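# Coordinates in review
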Amino acid sequence: MLDEAVGAGAAETDDLDWKSELPPMKGLSQTDFPKDVAAMANSGGGVIVFGVRETQKAATERVDVGDLDEAYERSLRSAAITGISPPVFGLNVHRIGTDPRAVVVEVPASIDGPHLIYRNDYFGAPIRNDSDTVWMKERQIEAMYRARFDERRHATETLDALYSEAAAGRNFGERAWLIAVAHPRIPRFRERLTREEARAVLAEAEELTLTYADRNGVHPMENVDRTNLRPGLRRWVAVNTATGERSTWKEAWISIHHDGSVTVATAAGAHRMSMDGYREGWQIESSAVECAIADLMALVRKAAKATDNDEYDLRLGIEWTGEQPLTLLTEDASGRTYNGVSIPLHRYTPVETTVNAAEPEADFHWHVHDFAQDCVNQGGISNVLRIRPPAHDGSA
């Protein structure tokens, strides 16, 4: 494609920038690289191609940019975070060809604009103007801030709608329910997911979730029909299979939306203690919360891949309308259920976070762990038992 672009004399545009060489690794955040990335992000995303010489903005020749090792690639991503405010996450770096070698930096669209560049005591907001990078005027900055706030309000409204749909019709007076939803910040998928594609998401997520949390807990994915998916409104629904008097305590519903959104609704209270005994509707085992989070995050990871999404907004809540306050139960050193550290909750405050579902697996695994920790901390529990974080060296 680069050879064809050079042959055709392809011109730079607002989402394409030709560069003949890579910026120096030393002092990278002080070069023009952060400004170029910020300008692309402020303009709806685009690509910066290193390894193409241009004349009058038109590609004229391929040139070799040398080797790009992992350290330099990390420096590029770091510069997009430390040299820009707010940071630009989700930078994709591609090595192209062998002789000559080129590097393509893919800058995602962003709803967090304007992205600013700081130089000592001064700052500016760059933006692409066709093939040029210029600085925004005050009115443009004002308009972009307004757009950011509008997008945030829209994202909140979208999560509200997903959450309300997933929570509708649940028997909150008999047992507590865990409701978890995730929505891509900038949905990119424009086609409908086929049933086979949705099945593949569930199958891959079922395997991935066990790398986050083992089977020593109740996983919602184990209690839905993962093969015979039912069509819903712009989504596929994995219906509950935990039916019958002795199984309703683990009821679960999962949906995968065509835009990449994911919802999980599962009974969290009144779980079975033994063959003949059940907990109260307001008693929730922390392991059940962790397993539900592992399932949700695995679904987000795989749905994002299937729908070409990256950043997701997540929300998890526990709903209960009974008189007793909610209580999260943990385990003591002997593995027995223990409530000595629990904080009675008259209302569980929904926990929200934003994750990049396309980031390296070890980084995403840490987000799974940290999200679970936030969710159980609210009930007075310090330790996450089922979800073990990966090693700091990146191995899971």
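For the structure, check the block above.
Residues numbered from 1 in each chain as written. Predicted model: local features only at pLDDT ≥ 70, side-chain atom pairs only at ≥ 80, totals over all residues. Heavy atoms only, no water.

### Brief notes about the sheet that holds strand E5 (residues 92-96)
The strand order across the open sheet built from 4 strands is E1-E2-E6-E5, with neighbouring strands paired in mixed fashion. Only two strands of the sheet have a single neighbouring strand rather than two, namely strand E1 (16-19) and E5. Here the strands of the sheet are splayed against their neighbours by 15° on average, with no regard to which way each runs. Relative to strand E2 (residues 46-50), E1 runs parallel, the two being bridged by 4 bridges. Within E2, the residue paired with Asp17 across the bridge is Ile48. Where helix H2 (residues 33-42) meets the sheet, it contacts E1, E2 and strand E6 (102-107), and its direction lies at approximately 150° from that of E2. Helix H3 (residues 70-82) contacts E5 and E6 of the sheet and is inclined by roughly 145° relative to E5. (Pairing = 2+ DSSP bridges. Helix = DSSP H or I, 4+ residues; strand = E, 2+ residues; numbered from the N terminus. Axes fitted to C-alpha atoms, helices over the stretch in contact; angles between N-to-C directions. Contact = heavy atoms within 4.5 Å.)

### Quick look at the packing of aromatic side chains
Summed over all chains, the structure comprises 4 aromatic pairs. Arranged with centres 6.3 Å apart and planes meeting at 25°, the rings of Tyr145 and Phe149 form a pair that is stacked. One end of the pair is Tyr145 and the other is Phe149, both in helix H4 (residues 138-167) and 4 residues apart, which spans about a single turn. When its relative accessible area of 28% is taken as the criterion, Tyr145 is described as partly exposed. Under the relative-accessibility criterion, Phe149 is labelled partly exposed at 46%. If you follow Arg301 out to its NZ or CZ, it ends over the ring of Phe364, 5.1 Å from the centre. Above the ring of Tyr163, the side-chain terminus of Arg315 is found at 5.9 Å from the ring centroid. (Phe/Tyr/Trp six-rings, centres within 6.5 Å; stacked < 30°, edge-to-face > 60°. Buried < 20%, exposed > 50% of the residue type's maximum accessible area, 1.4 Å probe, protein only. Lys NZ or Arg CZ within 6 Å of the ring centre and 35° of its normal.)

### Observations regarding the layout of surface pockets
Taken as a whole, the largest pocket spans an internal volume of roughly 930 Å³. What lines the largest pocket is a set of 36 residues, and nearest its centre among them are Gly90, Asn356, Ala358, Glu359 and Pro360. Elements with a contribution of two residues or more to the lining of the largest pocket: H3, E6, helix H6 (286-307), strand E20 (351-356) and helix H7 (361-377). Here the element with the most residues in the lining of the largest pocket is H3; it accounts for 6 residues. Looking at the lining of the largest pocket residue by residue, the classes come out as 12 nonpolar, 10 polar and 14 charged. Here the second largest pocket is characterised by a volume of approximately 270 Å³. Looking at the second largest pocket, it is lined by 15 residues, and the ones nearest its centre are Leu233, Arg234, Arg235, His257 and Asp259. No other element matches the 4 residues that H4 contributes to the lining of the second largest pocket. Of the residues belonging to the lining of the second largest pocket, the class tally is 3 nonpolar, 5 polar and 7 charged. (1 Å grid on protein atoms, 1.4 Å probe; cavity = no way out; pocket = protein on both sides within 12 Å on 5 of 7 lines; lining within 4 Å. Points joined across faces, edges and corners; volume = space filled by probe spheres on them. Nonpolar A, V, L, I, M, F, W, Y, C, P; charged D, E, K, R; others polar.)

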